[in-house]
Amino acid sequence: MSKPKVAFYWCASCGGCEEAVVDLNEVVLDVVDAVDIVFWPVAMDFKVSDVEALADGELAAAFINGAIRNSEQQEVVELLRRKAGAVVAFGACAWLGGIPGLANLSSRESILEFVYQGSPSTPDGDGTRPQEETDVREGRLRLPHFDETVRTLDQVLDVDYYLPGCPPPVNLIAQAVMALVEGKLPEKGSVLAPDVALCAECPRAETKPQDLKVERFFRPYEIVAEPDTCLLAQGLVCLGPATRSGCNAVCIAANMPCTGCMGPTSRVIDHGAKALSAISSLMQTEEKDEIAALAEQIVDPVGTFYRYSLPASLLHRRAQEEPVGAATSGGDGS
Amino acid sequence: MSEQPFEPRIVAFFCNWCTYTAADLAGISRMQYAPNVRAIRLMCSGRVDPQFVLAAFRDGADGVLIGGCHPGDCHYQEGNYNALRRFELLKLLLHDMGIEEERLRLEWISAAEGDKVQRVCNEMTEQVRALGPLRLTTPPRVRPAAPPPERAELVGQVTS
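Chains are numbered independently. Their residues run from 1 in the order of the written sequence. Whichever chain is written first becomes A and whichever ligand is written first becomes 1, with later ones labelled in order. Selection of residues for local features in this predicted model requires a pLDDT of at least 70, selection of side-chain atom pairs for listing and counting requires 80 or more, and totals for whole chains, interfaces and linings are taken over all residues.

For this particular structure, what's the right way to read the domain arrangement of chain A?
When the parts of a complex come together, some accessible area is lost, and that lost area is often used as the size of the interface. Residue and element names in this part refer to chain A. On domain assignment, one finds that chain A holds domain 1 (5-99 + 149-181) and domain 2 (198-261 + 264-305). For the purposes of this description, domain bounds are those given by an automatic or database domain assignment. Between the C-alpha centres of domain 1 and domain 2 there is a distance of 31 Å. Placing a C-beta atom from the backbone of each residue, one calls two residues in contact when those atoms lie within 7 Å. Each partner contributes residues to the interface: domain 1 has six residues there, and domain 2 has five residues. Gly is placed with the polar residues, together with every amino acid not listed as nonpolar (Ala, Val, Leu, Ile, Met, Phe, Trp, Tyr, Cys and Pro) or charged (Asp, Glu, Lys and Arg). Along the lines of polarity and charge, the residues of the side of domain 1 that touches domain 2 split into five nonpolar, one polar and no charged.

See the structure below:
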């Protein structure tokens, strides 16, 4: 019997998820033994036409990382959706929007304006912006349309499974691939990671005080954290209480607070709101002015609490003078 | 068809022991106030999860009012302090999300202060009316992500 075929694809992402696949090290040999990789643009020479040539559903799985920001990404993931039995949103960006999702704090127009005109390193010019269509002697050239808003993968198409993390931990990737090969996948829509908060598996959990109260919040550069004591108890904004475990607490081991890349547990709708709730209730004081001053110590609350999940959040993006409607792609652009 | 004047929609989370009782008192006393406020009774202002506030805004509220017992009076000792802590940080977050400060308000209203319910509801309605409707972008959801039942109840379905 031929091996199951799988595809990897990247959208609005940094390439770290691809690194994570390579980081499987010798386990990658087991993976390659078990499956045929038929599409992986970052690592192997395949074309979109190779995917188009497959029968619908012929792929056992498509692992898609990155958020969706332009028409090219949407086109390829929709193609992969048709060809794949299972679509796995791979990593924080595909699941929740990730770091690229923070672009939802800015309008499309302000992004284009800054990148092609306003940025200090952009030479003064005539303000030319890339056109979606350009006629040259050889024919018409096309560039993808830059969408109004960053979307998660499941805001574009039906997703079967989610692998959390920035990037997903190697052991979770290996487990997911093996479960797929052996046909032992859980219920559709599952997040392929433990469903408890990070504090539950934190090596410093024993030093977390029963009644934890914070007198001052610190940013990581402001103090040298004690290596064996709960980071929250030291005033660092650690999102461990509100974030899913499964990462082996690698950031904590490096003495850095959790920033929430594993996303929320299944009981939570809006990761940032829950993280905000958890952190704010730790404030020591009961005085309004002092509470307000403590809140001010959390610089950039959106970037702190929604670092990986703004497009998946209840508000989805910053309110704008002119709302961008149903956040669809398309339109003629500029 | 002529354009309807804007009527703000305000979702109010009132605690069972003080503010909701005060709203009852206002009703019994036949005090009139803006009908724009939709009151939701919770056991405590400390039960107001920031998710509730965001879900209200997302699903069409132009303002959110939270009412709890005065400091020191909480039926559960300190729930209202937690409400205050969340409120102060949530306010900063909403500012960065482009939502005006006046759209979220926290008030301590005791069971005896029916007149304060009247005043606060009227004031907030006028403030939000002056701001105009809250316009948010709603993303299409292909499929709500595998919701446990309680999750679906909490947010409801998204309409676009």
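Next comes the rest of the write-up.
Would you explain the pairing of strand E7 (residues 139-142) of chain A in this entry?
Moving residue by residue along a regular strand, the side chains alternate between the two faces of the sheet. Think of it this way: DSSP has to see at least two bridges between two strands before they count as a pair. Runs of E in the DSSP output that reach at least two residues are strands. Runs of H or I that reach at least four are helices, and both are numbered from the N terminus. Bridge count between strand E6 (residues 133-136) of chain A and E7(A): four bridges; the pairing is antiparallel. Counterpart to Thr134(A) in the pairing with E7(A) is Leu141(A).

For this particular structure, what's the right way to read the sheet that holds strand E5 (residues 84-90) of chain A?
Strand pairing within a sheet occurs via backbone hydrogen bonds; the two strands may be parallel or antiparallel. Residues and elements named next belong to chain A. Strands sit in the order E2-E1-E3-E5-E9 across an open sheet of five strands; the sheet is parallel. Each edge of the sheet is formed by a strand with only one pairing partner; in this case those strands are strand E2 (36-39) and strand E9 (161-163). Looking at each pair of strands side by side, their axes are set apart by 30° on average, direction ignored. Pairing analysis gives three bridges linking E5 to E9, with the strands arranged parallel. Helix axes are fitted to C-alpha atoms over the stretch in contact, other axes to C-alpha atoms as well, and angles between N-to-C directions run from 0 to 180 degrees.

When you look at the confidence of the model for chain A in this model, what are you seeing that I'm missing?
The predicted coordinates ought not to be read in detail in places where the model reports low pLDDT. The quantity called pLDDT is the predictor's confidence in a given residue, expressed from 0 to 100. Averaged over all residues, the pLDDT of chain A equals 91, while 96% of them reach at least 70. Confidence drops under a pLDDT of 50 for residues 326-334 of chain A, and excluding neighbours within four residues, the segment shows 19 contacts in the predicted structure.

Is there a simple way to think about the nonpolar core in this case?
Proteins that are soluble and globular tend to have nonpolar side chains buried together. Residues and elements named next belong to chain A. Of all hydrophobic cores here, the largest spans 139 residues; its most connected members are Tyr9, Ala62, Ile64 and Val88. A domain-level breakdown of this core finds at least three residues from each of domain 1 (5-99 + 149-181) and domain 2 (198-261 + 264-305). Once you skip the residues sitting within four places of it in the chain, Ile64 turns out to touch Tyr9, Cys11, Val77, Leu80, Val87, Val88, Ala89, Phe90, Ala94 and Leu153. When buried Ala, Val, Leu, Ile, Met, Phe, Trp, Tyr and Cys residues are joined through C-beta atoms within 7 Å, the set is termed a nonpolar core. With C-beta atoms placed from the backbone, the exposure class of a residue follows from how many other C-beta atoms lie within 10 Å of its own: 20 or more, buried; 12 or fewer, exposed; in between, partly exposed.

Help me understand unusual backbone geometry, please; the structure alone is not making it clear to me.
The bulk of non-glycine residues show a negative phi, and the bulk of peptide bonds are trans. All names here are of chain A. Of the consecutive residues Cys166 and Pro167, the connecting peptide bond is found in the cis state with omega at -10°. Along the polypeptide, Pro167 turns up in the loop between E9 and helix H7 (170-181). A positive phi angle is found at Asn25, which is not glycine, with a value near 55°. At Ala249, a position not held by glycine, the phi torsion is positive, near 50°. For Ala249, the position within the fold is in the loop between H7 and helix H8 (250-253). By C-beta crowding, Ala249 is classed as partly exposed, having 18 other C-beta atoms within 10 Å.

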